[in-house]
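One-letter residues, chain by chain:
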Amino acid sequence: MVARTRFDDSECPVARSVDAIGDWWSLLIVRDAFDGSRRFGEFQRSLGVAKNILTARLRALVAGEVLASVPASDGSAYREYVLTPKGEALFPVIVALRQWGEQNFFVPGEPHSELVDRRQGNRLRALEVLSEDGRRLSPDDTVVHKAAPR
């Protein structure tokens, strides 16, 4: 088996983020946690993923402090998985992926799930990247300043 390349000491925040999340199953688990899934069986039914893969991803997300394993809220012997503050901070990432998917992978009028404002029932406005002074930015408006060599 080929060893997985690690990026946890990379100077790039994107690389470290990808290293922490790991793969698409992990992002879908986080998505389901935002949708209210808490138990292993709920994640398994929603995703249709093999139990061994789900177990490994849940362990990695707990180890990375994206999820926490807590006693079941109903007092049973089961464990539940809840988003930590670090996990909740992924909300804009999930929204951005959702909006990107809506724009690029569905034809107009094709049905798909929608994320709406719970209070008003309206769709969300498209996410924007803004400068510190509020200007909307495109990729051409930004530059990455590399970290100085250690």
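It should be noted that the structure appears before, not after, this text.
Residues numbered from 1 in each chain as written. Predicted model: local features only at pLDDT ≥ 70, side-chain atom pairs only at ≥ 80, totals over all residues. Heavy atoms only, no water.

Student: Any chance you could explain the overall build of the chain here in plain terms?
Tutor: Per the secondary structure count, the chain includes six helices and two strands. Traced from its N-terminal end to its C-terminal end, the chain shows the element sequence α-α-α-α-β-β-α-α. Across its three principal axes, the chain shows a C-alpha extent of roughly 55 × 50 × 30 Å. Split by element, the accessible area of the chain, about 11400 Å² in all, is 56% carbon and sulfur. In the chain, 21 side chains carry a positive charge and 21 a negative one; their mean positions are 5 Å apart. (Helix = DSSP H or I, 4+ residues; strand = E, 2+ residues; numbered from the N terminus. Areas by Shrake-Rupley, 256 points an atom, 1.4 Å probe, with all protein chains shown as cover. Lys, Arg positive; Asp, Glu negative; His and termini not counted. Charge placed at Lys NZ, Arg CZ, Asp CG, Glu CD.)

Student: I'm lost on the pairing of strand E2 (residues 79-83) in this one. Help?
Tutor: Two faces belong to every sheet, and in a regular strand the side chains alternate between them. Summarising burial for E2: four of the five residues are buried, a large majority. Examined bridge by bridge, strand E1 (residues 67-71) and E2 share five bridges and lie antiparallel to one another. Each residue of the ladder has a partner; that of Leu67, found in E2, is Leu83. (Buried < 20%, exposed > 50% of the residue type's maximum accessible area, 1.4 Å probe, protein only. Pairing = 2+ DSSP bridges.)

Student: I tried to follow the packing of helix H3 (residues 40-47) against helix H4 (residues 51-63) on my own but got confused; where do I start?
Tutor: To describe two helices that pack against each other, one gives the angle between their axes and the distance between the axes. The geometry of H3 relative to H4 is characterised by a closest axis approach of 11 Å and an angle of 120° between their N-to-C directions. Judged by the inter-axis angle, H3 sits oblique to H4. The way H3 lies across H4 gives a crossing that is right-handed. Contacts between H3 and H4 involve Phe40, Phe43 and Gln44 on the former and, on the latter, Lys51, Leu54, Thr55 and Leu58. (Axes fitted to C-alpha atoms, helices over the stretch in contact; angles between N-to-C directions. Parallel < 35°, antiparallel > 145°, perpendicular 65-115°, else oblique. Left-handed = near helix turned anticlockwise from the far one by under 90°. Contact = heavy atoms within 4.5 Å.)

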